[in-house]
Amino acid sequence: IARDENDETVSITDETLYKNVLITGSIGSGKTSGAIARLTYNLIKSGKGGLILDAKGNFVDTVNDMAKRLGKSQDICIISKNSNWYFELLDERISCLELANRLKQVITLLSTNNNSDSYWLDKVENVLMNVMIILKYMDILNLMTLHRLVSEDNFLKQTLEQVKIKLKSQIPDDKTSFELAGAISFLENEFLKLDSRVNTIIKSEITRLTIPLITDYDVYNQFCVQ
């Protein structure tokens with residue numbers, strides 16, 4: 001709840017919080033202090049949870065000050081290179097389909113001018129889902145191995161052979177068997193047999209996400225918890 005220029009109450013309902021809120025104004029007009037900060041303060045005060053993407057890196061101080069004044073400092077979790085909080089992108093508790101969709105959304109955000117064709121992004125999502133089915137079964141669900149499976153054909157082939165060997169000695173439940181059969185078939189008969197141009201496009205889209213995360217030591221430790 002806030003006041004507008006006529007000192008009238010302006011409020012946002014709980015339902016609206018799950019929709020889009022657009023705040024516009026010229027530079028220095030008070031978008032942050034007059035609207036965003038007040039909204040954030042009331043959300044913290046009411047015990048609402050949320051994710052703040054602080055691109056400039058200076059709003060975190062404002063949020064910390066608010067939380068301190070409200071006695072809720074312990075409720076603020078800052079994920080940065082210098083924090084003790086970590087974020088695991090690949091959570092084994094989430095379905096492979098959902099994980100693939102989330103990574104596709106991240107790739108979309110990382111794309112320069114958002115110029116990735118939706119056709120290729122759909123292909124990317126399909127590859128990611130099937131690769132992660134393999135990763136989950138082999139208990140190696142991490143971005144480093146994901147990157148290698150996508151970018152190194154020989155490593156993918158070797159891993160698929162290891163999966164087949166494991167399947168002979170450890171027969172999984174029907175659901176896992178069904179998913180693995182589909183993943184192995186897709187990766188062997190479709191992904192590995194794509195023509196070089198299509199293969200390169202799909203790999204470049206996926207590695208656009210994985211390379212920055214696995215090559216920067218600090219970033220890797222922050223987002224690729226083992």
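For clarity, every value in this text was computed on a predicted model and none was experimentally measured.

Student: Help me understand unusual backbone geometry in this model?
Tutor: Trans is the prevailing form of peptide bonds, just as negative phi is the prevailing case for residues other than glycine. One non-glycine residue, Asp 139, adopts positive backbone phi at about 60 degrees. With respect to the helices, strands and loops of the structure, Asp 139 is situated in the loop between helix H5 (118-137) and helix H6 (143-151).

Student: Hey, could you run me through the packing of aromatic side chains in this one?
Tutor: The geometry of two aromatic rings is summed up by the distance between their centres and the angle between their planes. Tallying each qualifying case throughout the model produces zero aromatic pairs. If you follow Arg 148 out to its NZ or CZ, it ends over the ring of Phe 155, 3.8 Å from the centre. Over the aromatic face of Tyr 137 sits the side chain of Lys 166, whose NZ or CZ is 4.5 Å from the ring centroid.

Student: I would appreciate a short explanation of the nonpolar core in the present structure.
Tutor: When a protein is soluble and globular, its nonpolar side chains tend to lie buried together. Ranked by internal contacts, the top residues of the largest apolar core, which has 44 residues, are Leu 128, Val 131, Met 132, Ile 134, Leu 146, Leu 187 and Ile 202. Put simply, the parts of the chain that give this core at least two residues each are helix H4 (96-110), H5, H6, helix H7 (153-169), helix H8 (174-189), helix H9 (196-215) and helix H10 (217-223). Looking at this core, the element that brings in the most residues is H5, giving eleven residues. For Met 132, the contacting residues outside a window of four places in its chain are Leu 90, Cys 96, Leu 99, Ala 100, Leu 103 and Leu 141. Among the nonpolar cores identified, the runner-up in size contains five residues, and Ala 37, Phe 59, Val 63 and Met 66 belong to it.

Student: Looking at this model, I keep getting lost on the pattern of salt bridges. Mind explaining?
Tutor: Two side chains carrying opposite charge are able to pair once their charged atoms lie near each other. Per the counting criterion, the structure on display carries eleven salt bridges. The partner of Asp 122 in a salt bridge is Lys 104, and the shortest N-O contact between them spans 3.4 Å. With Asp 122 in helix H5 and Lys 104 in helix H4, this pair connects stretches of sequence that are 18 residues apart. Glu 188 is the salt-bridge partner of Lys 164, the closest N and O atoms lying 2.6 Å from each other. Residue Lys 164 is found in helix H7, and its partner Glu 188 is found in helix H8; the two are separated by 24 residues along the sequence. A relative accessible area of 22% means that Glu 188 is categorised as partly exposed.

About the cut-offs
- Residue numbers run consecutively from 1 along every chain, following the written order of its sequence.
- Where totals are concerned, whole chains, interfaces and linings use all residues; where local detail is concerned, this predicted model gives features only for residues with pLDDT of at least 70, and gives and counts side-chain atom pairs only at 80 or more.
- As a convention, hydrogens and water are excluded, and side-chain values are obtained from all of the structure's heavy atoms.
- In this description a helix means any DSSP run of H or I spanning at least four residues, a strand means any run of E spanning at least two, and both kinds are numbered starting from the N terminus.
- Stacked, edge-to-face and tilted labels apply to pairs of Phe, Tyr and Trp rings (six-membered ring for Trp) whose centres lie within 6.5 Å, assigned for plane angles under 30 degrees, over 60, and everything in between, in that order.
- Here, a charge over a ring means that NZ of Lys or CZ of Arg falls within 6 Å of the ring centre while also lying within 35 degrees of the ring normal.
- What makes a nonpolar core is a set of buried Ala, Val, Leu, Ile, Met, Phe, Trp, Tyr and Cys residues whose side-chain atoms join them at distances within 4.5 Å.
- Under the scheme applied here, a residue whose accessible area is under 20% of the maximum for its type counts as buried, over 50% as exposed, and between as partly exposed, the area being computed with a 1.4 Å probe on protein chains only.
- Contacts are residue-level and defined by heavy atoms, with any inter-residue pair within 4.5 Å sufficient.
- For salt bridges, the criterion is a side-chain nitrogen of Lys or Arg within 4 Å of an Asp or Glu carboxyl oxygen.

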